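# Per-entry structural report
Listed below are the residues making up each chain.
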Amino acid sequence: MHVLITGGAGYLGSILVPELLNRGHSVTVIDTFQRNDASLAHVIANPKFEPVRGDARDEDLVKSHVAKADLAIPLAALVGAPLCKQDPIAATTLNRDAILMMLSHMSKDQRIIYPTTNSGYGVGQKGIFCTEETPLNPISLYGTTKVEAERAILDRGNGITLRLATVFGMAPRMRLDLLVNDFTYRAVTDRAVVIFEGEAKRNYIHVRDVAKAFIHGIDNYETMNGEPYNVGLSSANLSKLELCDKIRQFVPGFVSLTAPIGEDPDKRDYIVSNEKLEKTGWTPDHTIEMGIQELIRGYRTIRNGIFSNV
């Protein structure tokens, strides 16, 4: 296949792009590459890889490249409620409008697999799993724009959407703000974390298992087409306090304190069922314990304090 990916130099793309190339697909990535990092440097030598510096909202650019694609994977987005609140115009134009624009230039035969978010579920009911049939109730601008884009893709009749749990794990383009990555980093570097809403639950998934879900969607497109799928670890519907207990198994002496110091703008507090995707034959390869140990090893190699004395 010829696969077009927007935002392919980001956290997920830096894992997914090499996987697609290793399977023989041709991959074009449209990205601003504004961080000037080397997240895709390891695939530049592959002649089937084509990087394009540009913005996913540039209609002429997207139109010219989507015309040659068998499959589109729009990863370009402002991810997370705080970032979207900081720049609501960019959030709306990139998270929703860019998707609608791309769809307008795709034929009905062209495929699309789109990552959305469990944040669309909002506040769940205690003890009741959110399934793909659960009504969506996004609260933040982030959740709302992603849900609106998902609706447009599913209404089109030729697309798959993946409702991602909170992602964790090491990647060439690393993100330290994601919850498991953040808490583990604090455990390794500070030995302590102060948390709010410690009892609020959410689901988690390793970044490589997200890439595996995209590959699975490509391989099983005909049977999965037209549906949303939750993508998460059925063994990891955990509260923040339970997550800290998991980390403490590998970082003895890690202290977690709770205080009324903040509020989740997405109001995330839910447990999620991933049974629908599992029934299609997809299974994750990484437990949350494996991810924590991987992160601990990774944090021996990176530090985030460029303005620190020590």
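For clarity, every value in this text was computed on a predicted model and none was experimentally measured.

Our next topic: the overall build of the protein chain. Looking only at helices and strands, the protein chain has 11 helices and 14 strands in total. Buried residues in the protein chain amount to 54% of all 310 residues. By sequence separation, contacts in the protein chain at least 24 residues apart represent 81% of the contacts at least 6 residues apart.

This part is about the environment of Ile 247. Relative to the assigned elements, Ile 247 resides in helix H9 (residues 240-248). For the pair Ile 247 and Val 180, spaced 67 residues apart in sequence, the C-alpha separation works out to 8.8 Å. With near-sequence residues (within four places) excluded, Ile 247 lies in contact with Phe 183, Thr 184, Ala 187, Phe 254 and Ile 292.

Burial of the side chains of strand E9 (residues 192-195) is restricted to one face: Val 193 and Ile 195 are buried, whereas none of Ala 192 and Val 194 on the reverse face is. Both E9 and strand E13 (residues 255-258) contribute to a ladder of four bridges, which runs parallel. Within the sheet, the bridge partner assigned to Val 194 lies in E13 and is Leu 257.

Glancing now at the sheet that holds strand E1 (residues 2-6). Pairing is parallel across the open sheet formed by seven strands, whose spatial order is E3-E2-E1-E4-E5-E7-E11. Bordering the open sheet on either side are strand E3 (49-53) and strand E11 (228-231), each of which pairs with just one other strand. The average angle at which neighbouring strand axes cross in this sheet is 20°, direction not considered. By the bridge criterion, two bridges tie strand E4 (residues 71-74) to strand E5 (residues 111-117) in an arrangement that is parallel.

Further remarks concern the side chain of Glu 132. Along the chain, Glu 132 turns up in the loop between strand E6 (129-130) and helix H5 (141-156). No salt bridge is formed by the buried Glu 132; its nearest oppositely charged neighbour, Lys 276, is found at 5.1 Å. Of the polar contacts made by the side chain of Glu 132, one reaches the backbone nitrogen of Asn 230; its length is 2.7 Å. Once residues lying within four places of it in the same chain are set aside, the contact partners of Glu 132 are Tyr 121, Arg 163, Pro 228, Tyr 229, Asn 230, Ser 273 and Lys 276.

Burial within E5 is extensive, with seven of its seven residues counted as buried. Burial along E5 is two-sided: the residues Arg 111, Ile 113, Pro 115 and Thr 117 and Ile 112, Tyr 114 and Thr 116 are all buried. Looking at chain direction, E5 and strand E7 (residues 160-164) are connected through five bridges and run parallel. Bridge assignment links Thr 117 to a residue of E7, and that residue is Leu 164.

Take the nonpolar core next. In terms of nonpolar packing, the biggest core is built from 67 residues, with Ile 5 and Ile 288 touching the most fellow members. Top element by residues in this core is helix H7 (residues 207-219). It accounts for seven residues. Residue contacts for Ile 288: discarding those within four places in its chain leaves Phe 168, Val 180, Tyr 204, Leu 233, Ala 236, Leu 238, Leu 243 and Lys 246. Listed in part, the 17 residues of the second largest apolar core include Leu 61, Val 62, Val 66 and Ala 69.

Right, let's get into a nonpolar patch on the surface. A surface patch of nonpolar side chains, amounting to about 350 Å² of accessible area, comprises Val 194, Val 255, Leu 257 and Ile 261. Note that Ile 261 resides in the loop between E13 and strand E14 (271-272).

Moving on to H9. In an α-helix, one full turn covers 3.6 residues, which means residues spaced three or four apart are oriented alike. Buried within H9 we find Lys 240, Leu 243, Cys 244 and Ile 247. Buried positions in H9, seen along its axis, are confined to an arc of 100° and lie on one side of it. For H9, the secondary structure elements touched by its buried residues are helix H6 (179-189), E9, strand E10 (201-206), strand E12 (237-239), E13 and helix H11 (288-298).

Right, let's get into the packing of aromatic side chains. Aromatic rings considered in pairs are described by the distance between their centres and by the relative angle of their planes. All chains considered together, the criterion is met by two aromatic pairs. Relative to Tyr 270, the ring of Tyr 121 lies with its centre 6.4 Å away and its plane at 75°, an arrangement referred to as edge-to-face. Of the two residues, Tyr 121 sits in the loop between E5 and E6 while Tyr 270 sits in the loop between E13 and E14, which places them 149 residues apart along the sequence. For Tyr 121, a relative accessible area of 2% corresponds to the buried category. Since its relative accessible area comes to 4%, Tyr 270 is described here as buried.

A separate point is the pattern of salt bridges. This model, assessed by the stated rule, comprises 14 salt bridges. As a salt-bridge pair, Asp 219 and Arg 23 come within 3.7 Å of each other at their nearest N and O atoms. Taken together, the residues Asp 219 in helix H7 and Arg 23 in the loop between helix H1 (13-22) and strand E2 (26-31) connect sequence positions 196 residues apart. Classification of Arg 23 by relative accessible area gives partly exposed; the value is 49%. Arg 163 is the partner of Glu 150 in a salt bridge, and the nearest nitrogen-oxygen pair spans 2.9 Å. Of this pair, Glu 150 sits in helix H5 while Arg 163 is found in strand E7, placing the two residues 13 residues apart along the sequence.

Rules used throughout
Residues numbered from 1 in each chain as written. Predicted model: local features only at pLDDT ≥ 70, side-chain atom pairs only at ≥ 80, totals over all residues. Heavy atoms only, no water. Helix = DSSP H or I, 4+ residues; strand = E, 2+ residues; numbered from the N terminus. Buried < 20%, exposed > 50% of the residue type's maximum accessible area, 1.4 Å probe, protein only. Contact = heavy atoms within 4.5 Å. Pairing = 2+ DSSP bridges. Axes fitted to C-alpha atoms, helices over the stretch in contact; angles between N-to-C directions. Lys, Arg positive; Asp, Glu negative; His and termini not counted. Salt bridge = Lys/Arg side-chain N within 4 Å of Asp/Glu carboxyl O. Polar contact = N/O pair within 3.5 Å; in protein donor to acceptor, adjacent residues only side chain to side chain. Core = buried A, V, L, I, M, F, W, Y, C linked by side-chain atoms within 4.5 Å. Patch = residues over 30% accessible without salt bridge, like charges linked within 9 Å, V, L, I, M, F, W, Y side chains within 5 Å. Areas by Shrake-Rupley, 256 points an atom, 1.4 Å probe, with all protein chains shown as cover. Arc of directions from axis to C-beta. Phe/Tyr/Trp six-rings, centres within 6.5 Å; stacked < 30°, edge-to-face > 60°.

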